[in-house]
Amino acid sequence: MSSAVFRFTRDGRESHSTMISATTDAMSVVLVWQALGAGRRHEVLDDSGEEFLVVRLIYPAEQAAQAISDLDEQCDTHGVLREYVAAQ
């Protein structure tokens, strides 16, 4: 298994609903990403605020390229930015 830690924030575009927080949007990205591939899972590392969410994404090594592609697509769809965080 491979893993990577990402910090998710809004990309500045309007959310699907003005009542949804940045962390809710980010969690939507993570949950859809997880459903798109067998063996994918996540671990929330920091959800202490409404402005960002830090999550470790875990996926089979042979899915690495597809996992990142799926993540990019979901971030774009949900108006979320991601940045890599050094392993925690």
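Above this note sits the structure.
Fair warning: this is a prediction, and the values are worked out from it, not measured in the lab. (Residues numbered from 1 in each chain as written. Predicted model: local features only at pLDDT ≥ 70, side-chain atom pairs only at ≥ 80, totals over all residues. Heavy atoms only, no water.)

Draft legend 1. Quick peek at the environment of His 78. By the element assignment, His 78 lies in helix α2 (residues 64-78). Residue classification places His 78 among the buried positions, given a relative accessible area of 16%. (Helix = DSSP H or I, 4+ residues; strand = E, 2+ residues; numbered from the N terminus. Buried < 20%, exposed > 50% of the residue type's maximum accessible area, 1.4 Å probe, protein only.)

Draft legend 2. Focus on the packing of aromatic side chains. The tally for this structure, following the rule as stated, stands at three aromatic pairs. Note on Phe 6 and Tyr 84: the rings are 6.1 Å apart at their centroids and 75° apart in plane angle, and the pair reads as edge-to-face. With a gap of 78 residues between them, Phe 6 in strand β1 (residues 2-10) and Tyr 84 in strand β4 (residues 80-85) connect regions that are remote in the sequence. For Phe 6, a relative accessible area of 3% puts it in the buried group. In this structure Tyr 84 comes out as exposed when scored by relative accessible area, which is 57%. On the basis of an interplanar angle of 85° and a centroid distance of 6.2 Å, the ring pair of Trp 33 and Tyr 59 is categorised as edge-to-face. Of this pair, Trp 33 sits in helix α1 (residues 22-35) while Tyr 59 sits in strand β3 (residues 53-59); the two residues are 26 residues apart in sequence, bridging distant segments of the chain. Just as Trp 33 is buried, Tyr 59 falls in that class too. (Phe/Tyr/Trp six-rings, centres within 6.5 Å; stacked < 30°, edge-to-face > 60°.)

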